[in-house]
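# Coordinate analysis (summary)
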Amino acid sequence: MFDTPTQIGPVTIRNRLVMAPMTTYSSNPDYTVSDQEYAYYEARGKTVGMLITAAVAVSKSAHAFPRQISIEDDAFIPGLKTLADKIKAGGAKAVIQLHHGGRMNDASLFNNPDDIVAPSAIKADRSFTTTPRAMTTDEVKATQNDFLAAISRAIQAGFDGVELHGANTYLLQQFFSPQSNQRTDQYGGSIENRSRFILELVEAAQALIQKEAKQPFLLGYRLSPEERETPGITLADTRYLIQKLNALKIDYLHLSTRHFAQSSLRDPDNSTPIIERLSDVLDPDIPLIGVGGINELDDVNQALSMGYTCVATGMTLIADPLWGDKLRQNQPLNTVITQDLVPDLMFERLHRWQKILAEGGRFILKD
Ligand SMILES: Cc1cc2nc3c(=O)[nH]c(=O)nc-3n(C[C@H](O)[C@H](O)[C@H](O)COP(=O)(O)O)c2cc1C
């Protein structure tokens with residue numbers, strides 16, 4: 001079932017397996033793609049239909065993580081071109097995830113705290129963050145332009161598309177959230193206003209792609225369907241945003257959840273999976289990517305039968321670059337992560353998360 005080609009906007013992918021976007025923390029010190037990253041991605045482009053890169057910073061103020069790959073300037077195009085070529089060499093379509101951390105930026109990366117900007121001056125509830133400076137309306141527009149310039153560079157670098165990172169509490173989600181966005185201009189307040197940054201950006205991006213892309217080039221959108229906080233994004237808000245993105249004919253939606261069959265975080269008494277609760281607003285013509293705990297063939301088949309068009313996996317592809325072949329041959333997946341599988345700094349990061357990995361009971365790190 002997973003091994004059939006499918007259409008994502010203008011791009012055909014050879015099967016329905018997707019590598020989930022995962023930050024590698026391993027760029028060169030100047031934020032260009034490192035040799036270890038080239039090798040890591042090249043190995044994983046061999047069996048999936050589409051590979052989504054790490055979240056890549058669209059501007060200087062976008063950097064959320066140490067050693068995050070950047071696309072903030074034309075100087076990054078040659079390295080990104082090599083990256084796209086390495087991914088595509090294995091037959092996968094190469095999609096680059098575009099990112100701005102907003103108030104979630106790691107404050108230790110900034111000499112001047114004023115450079116950390118977000119919709120409103122409201123601190124995120126995370127120890128590594130600081131209170132951001134609220135963007136002026138002009139800065140909001142300039143930030144949209146940073147994303148557009150990044151798309152133009154992704155086209156020049158030969159990617160097959162971009163994914164706008166509207167999930168996991170980062171900038172685009174911060175605009176949509178009534179918790180992090182308490183602006184009083186046209187970008188805050190009502191749900192129409194809170195969606196404005198995203199929808200204007202999608203529309204402008206589509207026009208730019210139409211104008212600049214010489215090859216089929218897709219535009220996807222990743223979103224988190226809910227926030228835990230009150231106020232915070234609810235499923236009703238997400239239904240609204242999905243309908244708006246449908247109307248704009250986004251090329252795909254990517255639902256960022258911890259588990260693909262997850263039910264509402266805000267409404268624990270209702271055990272219906274979120275995908276089912278959104279089903280009446282999901283457009284069958286717009287592909288939907290599911291993610292979270294999709295590892296074995298049974299998970300893949302279950303997710304596809306629930307209505308996802310494609311399935312993405314993160315940790316499994318870290319541990320087992322040839323995921324697709326293993327599924328095809330019904331072979332057990334590797335779950336032991338050794339240093340040779342990932343860039344050194346990513347391995348270090350995974351070590352820090354060892355407790356979480358152990359709780360999941362699945363992956364083991366071995367020196
Ligand atoms: C090391 C690591 C880095 C991640 N970085 C990103 C990222 O850059 N962008 C993003 O949208 N999600 C990121 N995620 C979340 C994954 O895309 C995915 O949603 C999550 O790992 C759940 O899928 P899994 O159970 O298959 O690992 C990251 C996850 C991991 C483990």
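The coordinates are above.
Reference entry: report on the structure contained in this document. From a predicted model like this one, the values you see are computed outputs, not experimental measurements.

## Considering the site of the ligand
- Around the ligand sit 20 residues in total, of which A20, M22, A55, G314 and M315 are the nearest.
- Looking at the shell around the ligand, the elements with two or more residues in it are β4 (50-57) and α9 (315-319).
- Residues of the shell around the ligand, tallied by class, amount to nine nonpolar, ten polar and one charged.

## As for the packing of helix α1 (residues 35-44) against helix α2 (residues 77-89)
- One way to put it is that α1 packs onto α2 with a least axis distance of 7 Å and a crossing angle of 25°. In terms of orientation, α1 and α2 fall into the roughly parallel class. α2 is crossed by α1, and the crossing has right-handed handedness. Where α1 approaches α2, its residues Y38, Y41 and E42 are matched on the opposing element by T82, L83, K86, I87 and A89.
- Of the residues belonging to the contact of α1 with α2, the class tally is five nonpolar, one polar and two charged.

## Observations regarding the environment of D285
- Within the secondary structure layout, D285 lies in the loop between α7 (274-277) and β11 (288-291).
- Along the sequence, D285 and D35 sit 250 residues apart, while their C-alpha atoms lie 39 Å from each other.

## Some words on the sheet that holds β4
- Pairing within the closed barrel is parallel, and its eight strands lie in the order β3-β4-β5-β8-β9-β10-β11-β12. Strand-to-strand twist across the sheet, computed as the mean angle between neighbouring axes with direction ignored, equals 25°.

## Some details on the pairing of strand β10 (residues 252-255)
- Side chains Y252 and H254 project from β10 onto one buried face, and the interleaved L253 and L255 project onto a second face that is buried too.
- Taken together, strand β9 (residues 218-223), helix α6 (residues 235-247) and β10 form a β-α-β motif whose crossover is right-handed.
- Where β10 lies against β11, two bridges are found, and the strand directions are parallel. By the bridge assignment, L253 is partnered in β11 with L288.

## Observations regarding α6
- Compared with the 18 Å implied by 1.5 Å per residue over 13 residues, the 18 Å span of α6 between its first and last C-alpha is a close match.
- Taken residue by residue, α6 has D237, T238, L241, I242 and L245 as its buried positions. Taken down its axis, α6 places every buried residue within 135° of arc, on the same side. Turned more than 90 degrees away from the buried face of α6, the exposed residues are A236, Q243 and A247.

## Focus on the nonpolar core
- Formed by 106 residues in total, the largest nonpolar core has its most connected members in V18, M50, L51, A154, V162, L253 and V311.
- With seven residues, the top contributor of residues to this core is β4.
- The residues contacting V162, other than those within four sequence positions of it, are V95, I96, L98, I151, A154 and L219.

## A look at the pairing of β11
- Here β11 shows two buried faces, one formed by L288 and G290 and the other by I289 and V291.
- Strand direction decides the pairing type here: β11 and strand β12 (residues 310-313), joined by three bridges, are parallel. The residue of β12 that forms the bridge with I289 is C310.
- In terms of handedness, the path from β11 via helix α8 (residues 297-306) over to β12 forms a crossover that is right-handed.

Thresholds, definitions, all that
- Residues numbered from 1 in each chain as written.
- Predicted model: local features only at pLDDT ≥ 70, side-chain atom pairs only at ≥ 80, totals over all residues.
- Near = placed C-beta within 6 Å.
- Helix = DSSP H or I, 4+ residues; strand = E, 2+ residues; numbered from the N terminus.
- Nonpolar A, V, L, I, M, F, W, Y, C, P; charged D, E, K, R; others polar.
- Axes fitted to C-alpha atoms, helices over the stretch in contact; angles between N-to-C directions.
- Parallel < 35°, antiparallel > 145°, perpendicular 65-115°, else oblique.
- Left-handed = near helix turned anticlockwise from the far one by under 90°.
- Contact = placed C-beta atoms within 7 Å.
- Pairing = 2+ DSSP bridges.
- Buried ≥ 20, exposed ≤ 12 C-beta atoms within 10 Å, placed from the backbone.
- Right-handed = clockwise from strand over helix to strand, strands pointing away.
- Expected span 1.5 Å × (residues − 1).
- Arc of directions from axis to C-beta.
- Core = buried A, V, L, I, M, F, W, Y, C linked by C-beta atoms within 7 Å.

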